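Listed below, chain by chain, are the residues.
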Amino acid sequence: MGTPKCQGMNSSQTIDVGTPRHPTGWHLTTIHFHSFETLPHEKGDCTDSRPFRMHGLDWYLRIHPGGASSAKGDDMVSLYLRCKSAAERNEAVYAEFSLSLLRNDGQVDCTMSCPCNAFKRKRKGWPNFILRSRILDRTTQLLNYDNYGGTLTVLVKVQLFEDRSVECFVPKNNMNVKLLSLLESVNDFVESDKNGYGTKSTADVKFFVDGEIICAHSLILKMAAPILADMCDDADYDTPIPIIGVRRSIFWLLLRYAYGDDIPEEAWTASTSADIIARDPSADTEWASLISLSPAMELLDAANRYGVVGLKLLAESKVVHTEISIESASDLILYADANDCALLKEKVMDFFVSHAEEIRRTPSFQRIEESAHVMVELMDALLSKRLLRSFALGEKDLEYSSMGVNLLRTKLEERGLDVDGSREVLIKRLELWDDNQL
């Protein structure tokens, strides 16, 4: 008898148990303990650094120059790292870190590393980091005697691990689905009446889009598309309102969303119109070629133009995943800045930090150079290598400047506030709300 063969061995699968956490990248801080030899060094004595910021959180480093109480022997130096922000809020922060001693020539002498761990109230570190006698041995060059009489230099590296199970905040579309059937019924009526005029229709506004009539209800538009509704205030029902620079299929999707429908998945990948300018000379020529990149860009622009905030944020979340590239980055960041697309601007700036040289070589980067404030923001992001967090540090977390746009919008939604606007506007809105609670 031979060994039975196992069938289907050419297939495989991966199963995740629990929520995976993703690294954010390393932040580095250098700590100098001056006059190391004279620091209190009885066993158990300790000295803390002043708090320092990494990943938008406060940390500090504790050194026991004569060893912690738990150290083995009497010739040890102990080092511990603590997340002050996590301890104050009693909220776990997941991080990987390492501590290294630097020689006078800037080279690393010794390093201890800790894999991903939960910082909360306790410090993390090593009671037996290094022999004190080795630090005091001048041949090791671990103490710098140039300025402060024996300075010990410690390099701190920290990398956070975040839960990214939800990439982008998208508000719920909670309009009653019966409104959608109302929209469809009034336009079915128009379809049956070649002239577009009828006495039985409940619609009170008409739009002229790509040579066709589309009917709607001003009351619903006031709730879901206020800018579009404002266009109807002084309009005569018998004179359709022209819609410029938006394809009929895109405008129809916008109306369906305003009436309570979802955007079908295939709509995001449908063919686009690359001839918006040719079809309509009055279209916005500054952005026409960018908007025609994809249905997601067309829907983002239309939703922003007519005040359909939920659709704007939904389309924005699609654009940040599919449209950011070396070639499009310059135009996208200018568009995002001009149209208060906070998430798109944040993601393009992050992309710029990683691809600055390639983007600077594209012809479209010249337009970035013509915008002084955008150029300043890009340079700040490049030099600081900012990393905005996507997780909250408890209910009393008010450090809005270190939060990403998704988290800012989530907090605004929780407070019943408007979630649209630039990053600066979102932060100001939260701060004003906090002030009013005092």
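Preceding this paragraph is the structure being described.
A. Seen up close, the side chain of Ser-317. Of note, Ser-317 is situated in helix α10 (residues 309–322). In contact with Ser-317, not counting residues within four places along its chain, are Cys-168, Val-170 and Leu-343.

B. The packing of helix α6 (residues 248–258) against helix α9 (residues 295–306), seen in detail. At a closest axis distance of 10 Å, the pairing of α6 and α9 adopts a crossing angle of 60°. It follows from the interaxial angle that α6 and α9 lie oblique. Classified by chirality, the crossing of α9 by α6 is right-handed. On α9, the residues that touch Ile-250, Phe-251, Leu-253 and Leu-254 of α6 are Pro-295, Glu-298, Leu-299, Ala-302, Ala-303 and Tyr-306. Its residues assigned to classes, the contact of α6 with α9 shows 9 nonpolar, no polar and 1 charged.

C. Geometry of the nonpolar core. With 79 residues, the main nonpolar core has Phe-207, Leu-221, Leu-228, Phe-251, Ile-263, Leu-311 and Leu-344 as its most contacted residues. Broken down by element, the residue count for this core peaks at 8 residues, all from α6. Not counting chain neighbours up to four residues away, the residues in contact with Ile-263 comprise Leu-253, Tyr-257, Trp-268, Leu-299, Leu-311 and Leu-314. Residues Phe-36, Ile-63, Ala-95 and Cys-114 belong to the second largest nonpolar core, which totals 36 residues.

D. Up close: the side chain of Asp-434. Tracing the sequence through the fold places Asp-434 in helix α17 (residues 423–437). It is Arg-415 that comes nearest to the buried, bridge-free Asp-434 among opposite-charge side chains, at 4.3 Å. When residues no more than four places from it in sequence are discounted, the contact partners of Asp-434 are Leu-398, Tyr-400 and Arg-415.

E. Region of interest: the packing of aromatic side chains. On inspection of all chains with the given rule, the structure shows 7 aromatic pairs. The rings of Trp-59, Phe-97, Phe-119, Trp-126 and Phe-129 are connected pair by pair, giving a single aromatic cluster. When the ring centre of Trp-433 is taken as origin, the NZ or CZ atom of Arg-415, which lies over that ring, is 4.8 Å away.

F. Focus on empty space enclosed by the protein. One pass over the structure, following the stated rule, counts 1 cavity of 30 Å³ or more. What the largest cavity holds in volume is close to 40 Å³. Lining the largest cavity are Ala-329, Ser-330, Ile-333, Val-348, Phe-352, Ile-359, Ile-368 and Leu-378. Counting residues per element, the ones that place at least two in the lining of the largest cavity are α11 (329–338) and α12 (342–354). Looking at the lining of the largest cavity element by element, the count peaks at 3 residues for α11. When its residues are assigned to classes, the lining of the largest cavity shows 7 nonpolar, 1 polar and no charged.

Cut-offs used in this document
Residues numbered from 1 in each chain as written. Predicted model: local features only at pLDDT ≥ 70, side-chain atom pairs only at ≥ 80, totals over all residues. Heavy atoms only, no water. Helix = DSSP H or I, 4+ residues; strand = E, 2+ residues; numbered from the N terminus. Contact = heavy atoms within 4.5 Å. Axes fitted to C-alpha atoms, helices over the stretch in contact; angles between N-to-C directions. Parallel < 35°, antiparallel > 145°, perpendicular 65-115°, else oblique. Left-handed = near helix turned anticlockwise from the far one by under 90°. Nonpolar A, V, L, I, M, F, W, Y, C, P; charged D, E, K, R; others polar. Core = buried A, V, L, I, M, F, W, Y, C linked by side-chain atoms within 4.5 Å. Buried < 20%, exposed > 50% of the residue type's maximum accessible area, 1.4 Å probe, protein only. Lys, Arg positive; Asp, Glu negative; His and termini not counted. Salt bridge = Lys/Arg side-chain N within 4 Å of Asp/Glu carboxyl O. Phe/Tyr/Trp six-rings, centres within 6.5 Å; stacked < 30°, edge-to-face > 60°. Lys NZ or Arg CZ within 6 Å of the ring centre and 35° of its normal. 1 Å grid on protein atoms, 1.4 Å probe; cavity = no way out; pocket = protein on both sides within 12 Å on 5 of 7 lines; lining within 4 Å. Points joined across faces, edges and corners; volume = space filled by probe spheres on them.

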